[in-house]
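Residue-level listing of the chains:
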Amino acid sequence: WAIQILSEKCHGWNIWYNISIFIKNYQYLQIFKEMFMKKLLVVSIMVLILVSACGPKPVPVVSQNGIEVYAPTARAVNASETTAAYMLVKNTGSEPDMLLTAACDTANMVEVMNTQMEGDMMSMGEVEGIEIPAGESVELKSGSYHIMLMDLKEDLKAGGTVSVTLVFEKAGTIVVEVPVTAP
């Protein structure tokens, strides 16, 4: 009632009261705007992370007879040294397949090998083959299965490629051009 009496007697009071209400609402609006912008920023960052995590599907360098080969690589070395070829081998078929052997035109000796721990010792030896289960992948990598390239005929230089022939039990012969990378 006091505001009503003051507003009737003094129109200036009514104006100041309306201005104070506007300022208070404006302050609330500013607080809401800041909170909204912070949430928008957080949501935007989360969307960017999710989109980048769901990046493009890797493309196989070779896809033949139900076998796909991804990301092949070999380390650059001098001809007097030994290196290995690494890659991801995926069996898209409905039956398991077996990588039996490998060959390379720049190596006199090529072996499909596995590195494993035996007690406290790490050992490496040739295997009779690597089973690639149906619908699954096997990664040939350091410290695991890999293709050993020995007694090289020439230096393997970074930026070049080396041709590796994989022989599978069911898929047959698949040639993979393996990029040579710096050690």
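Our structure is the block above this text.
Residues numbered from 1 in each chain as written. Predicted model: local features only at pLDDT ≥ 70, side-chain atom pairs only at ≥ 80, totals over all residues. Heavy atoms only, no water.

Draft legend 1. Highlighting the overall build of the protein chain. Scanning the protein chain from N- to C-terminus turns up 2 helices and 11 strands. Mapped from its N terminus to its C terminus, the protein chain presents α and β elements in the order α-α-β-β-β-β-β-β-β-β-β-β-β. Here the protein chain holds 183 residues, and 29% of them are scored as buried. Put simply, of all contacts in the protein chain between residues at least 6 apart along the chain, 63% involve residues at least 24 apart. (Helix = DSSP H or I, 4+ residues; strand = E, 2+ residues; numbered from the N terminus. Buried < 20%, exposed > 50% of the residue type's maximum accessible area, 1.4 Å probe, protein only. Contact = heavy atoms within 4.5 Å.)

Draft legend 2. Highlighting the pattern of salt bridges. The full count for this structure, using the stated rule, is 1 salt bridge. Between glutamate 95 and lysine 170 there is a salt bridge, and its shortest N-O distance comes to 3.4 Å. Here the residue glutamate 95 occupies a position in the loop between β3 (83-91) and β4 (97-104), and lysine 170 occupies one in the loop between β10 (161-168) and β11 (172-181), the gap between them amounting to 75 residues. The exposure class assigned to lysine 170 is partly exposed, which follows from its relative accessible area of 48%. (Salt bridge = Lys/Arg side-chain N within 4 Å of Asp/Glu carboxyl O.)

Draft legend 3. Summary view of the pairing of strand β8 (residues 137-140). Burial along β8 is one-sided: Val138 and Leu140 are buried, while Ser137 and Glu139, pointing the other way, are not. For β3 and β8, the ladder comprises 4 bridges, and the chain directions are antiparallel. Residue pairing for β8: valine 89 is matched across the bridge by valine 138. (Pairing = 2+ DSSP bridges.)

Draft legend 4. Spatial organisation of the environment of arginine 75. Along the chain, arginine 75 turns up in strand β2 (residues 67-75). For arginine 75, a relative accessible area of 39% corresponds to the partly exposed category. Between the alpha carbons of arginine 75 and alanine 85 there is a distance of 7.5 Å; along the sequence they are 10 residues apart. Setting aside its immediate chain neighbours within four residues, arginine 75 contacts Thr83, Ala84, Tyr86, Ser142, Leu156, Val180 and Thr181.

Draft legend 5. Representation of a nonpolar patch on the surface in the model. Side chains of Phe36, Met37 and Leu40 sit close together on the surface and give an oily, nonpolar patch of about 290 Å² of accessible area. Within the secondary structure, methionine 37 is located in helix α2 (residues 11-53). The class for methionine 37 is partly exposed, based on a relative accessible area of 46%. (Patch = residues over 30% accessible without salt bridge, like charges linked within 9 Å, V, L, I, M, F, W, Y side chains within 5 Å. Areas by Shrake-Rupley, 256 points an atom, 1.4 Å probe, with all protein chains shown as cover.)

Draft legend 6. Looking closely at the pairing of strand β9 (residues 145-152). A large share of β9 lies buried, amounting to 6 of its 8 residues. Inspection of the sheet shows strand β5 (residues 107-118) paired to β9 by 7 bridges, in the antiparallel sense. Looking at the pairing, asparagine 114 lines up with tyrosine 145 of β9.

Draft legend 7. Geometry of the nonpolar core. Of all hydrophobic cores here, the largest spans 33 residues; its most connected members are Met87, Ile147, Leu166 and Phe168. Not counting the four nearest positions on each side in its chain, methionine 87 is found in contact with Val69, Tyr70, Ala71, Pro72, Val138, Glu139, Leu140, Ile147, Leu166 and Val178. Formed by 5 residues, the second largest nonpolar core is a distinct cluster that contains Tyr86, Met113, Met148 and Met150. (Core = buried A, V, L, I, M, F, W, Y, C linked by side-chain atoms within 4.5 Å.)

Draft legend 8. Highlighting the side chain of glutamate 111. Relative to the helices and strands, glutamate 111 is located in strand β5. There is no salt bridge for the buried glutamate 111, and the closest opposite charge comes from lysine 153, which lies 15 Å off by N-O distance. Ignoring sequence-local partners within four residues, the contact set of glutamate 111 consists of Glu126, His146, Ile147, Met148 and Met150. (Lys, Arg positive; Asp, Glu negative; His and termini not counted.)

Draft legend 9. Fine view of the side chain of histidine 146. By the element assignment, histidine 146 lies in strand β9. Here serine 144 takes part through its backbone oxygen, which lies 2.8 Å from a polar atom of the side chain of histidine 146. Discounting residues that sit within four places of it in the chain, histidine 146 has contacts with Ala84, Ala85, Tyr86, Glu111, Val112, Met113, Asn114, Thr115, Met124, Leu140 and Lys141. (Polar contact = N/O pair within 3.5 Å; in protein donor to acceptor, adjacent residues only side chain to side chain.)

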